[in-house]
Amino acid sequence: KRQGNKPEEKIKRLAEEIKTADESMKPLMQTILAEWYWHYYSRNKYRFINRTQTAGLSETDFTTWDLPKLFKTISTLFNEVLTKHEDVLKKTKISEFSEILEGGDANSDRLRPTFYDFIAFQALDFYTSGEQAAALPQDAFEIKADSDAFAPAEKFLKYKIETTDTDSPKVMALNLYRKLMEFHAADS
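Residues numbered from 1 in each chain as written. Predicted model: local features only at pLDDT ≥ 70, side-chain atom pairs only at ≥ 80, totals over all residues. Heavy atoms only, no water.

Enquirer: Help me understand the environment of leucine 180 in this model?
Expert: Here leucine 180 is to be found in helix α9 (residues 169-183). Under the relative-accessibility criterion, leucine 180 is labelled buried at 7%. For the pair leucine 180 and alanine 120, spaced 60 residues apart in sequence, the C-alpha separation works out to 7.9 Å. Apart from the residues within four sequence positions on either side, leucine 180 is in contact with Tyr116, Asp117, Ala120, Phe121 and Leu124. (Helix = DSSP H or I, 4+ residues; strand = E, 2+ residues; numbered from the N terminus. Buried < 20%, exposed > 50% of the residue type's maximum accessible area, 1.4 Å probe, protein only. Contact = heavy atoms within 4.5 Å.)

Encoded structure:
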């Protein structure tokens, strides 16, 4: 049977492939899956505009998901890759993937020298997107203008986020920025 090339079909096939993939390939595949979900949303915003949070949605058919479910899935994929595979990703030079990654400039290796950096910035693009506002809960975490989230690096690294909204994209982004700063603290 010939398989199509529609985004919905590609996402389903990749999700199935990840289940049996070699452990060394899973971080890359999960990152691609997160990106494909994000791309699917970007191409189908109109489908989500009036879609309410659904009870009893199909866990296996992401085309029926509401925005919070889709965004939670993307966040979970990024978070799993960046936590479960953190040590390996931090040791893997991005230059090892130069043949499969698109372009960039001469500073790419310097600005994102490891696969961890590359994936972290992909996740940050997602977490800091203005699109996140459409899926926020009523008690969503807000960054106060006078908080240490905007303080110089030394003070920011000690900043404690106090919220019950632990799945907040802003919380995820702040924590990821902190981890990147800690990872590169000794860099020139």
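Enquirer: Got a minute to help me understand the packing of aromatic side chains in this structure?
Expert: Taken as a whole and assessed by the stated rule, the structure comprises 13 aromatic pairs. Summarising the aromatic geometry, the rings of phenylalanine 62 and tryptophan 65 are spaced 6.2 Å apart at their centres and angled 70° between planes, so their arrangement reads as edge-to-face. With centroids separated by 5.7 Å and ring planes inclined at 75°, the aromatic side chains of tyrosine 116 and phenylalanine 183 adopt a geometry described as edge-to-face. With tyrosine 116 in helix α7 (residues 115-127) and phenylalanine 183 in helix α9, this pair connects stretches of sequence that are 67 residues apart. Classification of tyrosine 116 by relative accessible area gives buried; the value is 0%. In this structure an aromatic cluster arises from ring pairing among Trp38, Tyr41, Phe71, Phe78, Phe126 and Tyr127. Residue placement shows lysine 90 over the ring face of tyrosine 116; its charged tip is 4.9 Å from the ring centre. One cation-aromatic arrangement involves arginine 178 over phenylalanine 156; the distance from NZ or CZ to the ring centre is 5.6 Å. (Phe/Tyr/Trp six-rings, centres within 6.5 Å; stacked < 30°, edge-to-face > 60°. Lys NZ or Arg CZ within 6 Å of the ring centre and 35° of its normal.)

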